[in-house]
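One letter stands for each residue in the lines below.
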Amino acid sequence: MSPRFSFEFFPPKTPAGKEKLQTVRAELAELDPSFFSVTYGAGGSTRDNTKNIVLETKAAGLSVAPHLSFGGDDEETVLSLINDYKNAGVDRMVALRGDVPSGMGATRLIYARELVEFVRKHTGDHFEIEVAAYPEIHPDAPSYAKDIDYLKQKLDAGANSAITQYFFNADAYFYFLEDCEKAGIDKPIYPGIMPITNFTNLARFSRNCGADIPRWLTQKLSGYGDDQESVTKFGEEFVTELCQILMEGGAPGIHFYTMNQVEPVKRMLQELQR
Ligand code: FAD
C-alpha cells in the first residue's frame, strides 16, 4: 500500500490569513494528499472558523478531517456540529480531548475516548476517526504504560488510526510502536511531523506540549541566532532525513503540521517521493 500523507491547517483569524490559506491549500492539493485536517480550539473558540474552513475545503472537492473536542460544550452543540459535517459529506474526523485555553474556567475535560464513543453512537461507521498518540508520552499521563493503555482504549472504542504529537527523535517513535504492538494495538500510527522554521516559537510550543527537542538540536538551532536562512535550511534537511528514517523503518505515512505554509512541507514531500 502506498504511504498516506496528510496536511494539517489551523483556522486563520484574519481575512488576509483566510485568503492566503486558499492559495496554500490549492498548492498543497497538487501533491495529492489523502486529506487535509483543520484544528479546533477546545472550548469552541474556533468553532465557526474551523467549520468554515472545513466546509470550504470539502466544497473545493478535497478530503478533509475536522479536529473536534467537547471542551466545555454540551452534547447537543457537539452533535449538531458532527451532523453538519456529515450532511456536507465530510467523512473523516480527528477526535481529541483538547486543552481548554487558560481563562476559560474550570471545564471538565472529556477524554477523547468518550468523544469517539459519542461519534460512533450517533453516526455509526460514517466517519473515519483519527485520535492522538504520544511517542514521548502525554504530559498529563500517569505513566508510559497507562498512556499506551488509554490510546488502546480510544482505538478499541472505534477510532481507525492515530496521528502522533511531533517529535524529533526517531527512536521515540519506533520504541513506542513496539510497545503499542505489545499492548495489543494493531491499528496504524502515523507520525506527525513539525517542520523547523522558527526556533523560538518551536521551543515555546514544545515546552507546552511535552515534545522533546534534543539538547544537541537546541544548541545547533539556537547557535544560528537571527540567521533565519540557516535555521530554515538546516531544519529542512534534518526533518526530511527524519521522515526518510521513519518511512524506511515502516511508518505507514506522515501527517505534516504545515503551520499554513506551503514550504518547507512541499519540498520535503517531493524529496520523500523521489
Ligand atoms: P486523551 O486521549 O483524552 O488523553 C488526555 C490525557 O489523559 C493523557 O495524558 C492520557 O494518558 C490521560 N487519560 C486518558 N484517558 C484517561 C482515563 N480514563 N483516566 C485517566 N487519565 C486518562 N488540541 C487542540 O486543542 N485542538 C486541536 O485541533 C488539536 N489537534 C491535535 C492533533 C494531533 C494529531 C495531536 C497529537 C494533538 C492535537 N491537539 C489538539 C492536542 C491535544 O488536544 C492535547 O494533547 C490534549 O492535552 C490531549 O488530547 P488527547 O485527545 O490526546 O486526550
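Quick notes on the rules
- Residues numbered from 1 in each chain as written.
- Predicted model: local features only at pLDDT ≥ 70, side-chain atom pairs only at ≥ 80, totals over all residues.
- Heavy atoms only, no water.
- Helix = DSSP H or I, 4+ residues; strand = E, 2+ residues; numbered from the N terminus.
- Rg over C-alpha atoms; globule rule 2.2 N^0.38 Å.
- Buried < 20%, exposed > 50% of the residue type's maximum accessible area, 1.4 Å probe, protein only.
- Contact = heavy atoms within 4.5 Å.
- Areas by Shrake-Rupley, 256 points an atom, 1.4 Å probe, with all protein chains shown as cover.
- Lys, Arg positive; Asp, Glu negative; His and termini not counted.
- Charge placed at Lys NZ, Arg CZ, Asp CG, Glu CD.
- Near = heavy atom within 4 Å.
- Polar contact = N/O pair within 3.5 Å; in protein donor to acceptor, adjacent residues only side chain to side chain.
- Nonpolar A, V, L, I, M, F, W, Y, C, P; charged D, E, K, R; others polar.
- Phe/Tyr/Trp six-rings, centres within 6.5 Å; stacked < 30°, edge-to-face > 60°.
- Lys NZ or Arg CZ within 6 Å of the ring centre and 35° of its normal.
- Axes fitted to C-alpha atoms, helices over the stretch in contact; angles between N-to-C directions.
- Parallel < 35°, antiparallel > 145°, perpendicular 65-115°, else oblique.
- Left-handed = near helix turned anticlockwise from the far one by under 90°.
- 1 Å grid on protein atoms, 1.4 Å probe; cavity = no way out; pocket = protein on both sides within 12 Å on 5 of 7 lines; lining within 4 Å.
- Points joined across faces, edges and corners; volume = space filled by probe spheres on them.

S.K.: What am I meant to see in the overall build of the protein chain here?
M.R.: Regarding its fold elements, the protein chain presents 10 helices and 8 strands. For a compact globule of 274 residues, the expected C-alpha radius of gyration is about 19 Å, and the protein chain comes in at 18 Å, within 12% of that figure. Principal-axis analysis of the C-alpha atoms places the extent of the protein chain at approximately 50 × 45 × 45 Å. In the protein chain, which comprises 274 residues, the proportion classed as buried is 49%. Within the protein chain, contacts between residues separated by at least 24 positions form 78% of all contacts whose residues are at least 6 apart in sequence. Entry remark: accessible area of the protein chain is about 13,300 Å², with carbon and sulfur atoms responsible for 47%. Distance between charge centres in the protein chain, computed from 28 positive and 39 negative side chains, equals 3 Å.

S.K.: Explain the site of the ligand here, please?
M.R.: Tyr 40, Asp 99, Tyr 134, His 138 and Asp 147 are the nearest of the 23 residues found near the ligand. Contact between the ligand and Asp 99: an oxygen atom at 2.6 Å from a side-chain N or O atom of the residue. Between the ligand and the protein, one listed contact pairs an oxygen atom with a side-chain N or O atom of Lys 154 at 2.7 Å. In isolation the ligand offers 970 Å² of accessible surface; the protein chains occlude 87% of this area. Taken together, the elements giving at least two residues each to the shell around the ligand come down to α4 (112-123), α5 (144-156) and β6 (161-166). Residue composition of the shell around the ligand, by class: 11 nonpolar, 6 polar and 6 charged.

S.K.: Mind showing me how you'd approach the packing of aromatic side chains here?
M.R.: Per the stated rule, a full pass over the model turns up 14 aromatic pairs. Summarising the aromatic geometry, the rings of Phe 70 and Phe 118 are spaced 5.2 Å apart at their centres and angled 65° between planes, so their arrangement reads as edge-to-face. Of the two residues, Phe 70 sits in the loop between β3 (64-68) and α3 (75-87) while Phe 118 sits in helix α4, which places them 48 residues apart along the sequence. The exposure classification of Phe 70 matches that of Phe 118, with both residues buried. A ring pair is formed by Phe 167 and Tyr 173, whose centres lie 5.7 Å apart and whose planes are at 5°; its orientation type is stacked. Judged by relative accessible area, which is 1%, Phe 167 ranks as buried. The residue whose ring lies beneath Arg 4 is Tyr 190, and the NZ or CZ to ring-centre distance is 3.5 Å. Over the ring of Phe 234 we find Lys 220, and its NZ or CZ is 4.8 Å from the ring centre.

S.K.: Would you mind showing me how to read the packing of α5 against helix α6 (residues 170-182) here?
M.R.: Helices that pack against each other are described as a pair by the angle of their axes relative to one another and the distance between those axes. At their nearest, the axes of α5 and α6 sit 10 Å apart, and the two run at 65° to each other. Comparing their axes, α6 and α5 come out roughly perpendicular. Considering only the axes of α5 and α6, their crossing is right-handed. Packed against α5, whose contacting residues are Tyr 144, Ile 148 and Leu 151, the element α6 presents Tyr 175, Phe 176, Asp 179 and Cys 180 at the interface.

S.K.: Would you take a moment to explain the environment of Asp 156 for this structure?
M.R.: Mapped onto the fold, Asp 156 is located in helix α5. Sequence separation between Asp 156 and Asp 179 is 23 residues, and the spatial gap between their C-alpha atoms is 16 Å.

S.K.: Please explain empty space enclosed by the protein as it appears in this structure.
M.R.: By rolling a water-sized probe across the atoms, one finds the places where empty space is left. Taken as a whole, this structure holds 1 cavity of 30 Å³ or more when the rule is applied. Of the pockets and cavities examined, the largest cavity occupies roughly 50 Å³. Taken together, Tyr 134, Pro 135, Glu 136, Ile 137, Gln 165, Tyr 166, Phe 167, Cys 209, Gly 210 and Ala 211 form the lining of the largest cavity. For the lining of the largest cavity, the per-class residue count stands at 7 nonpolar, 2 polar and 1 charged.

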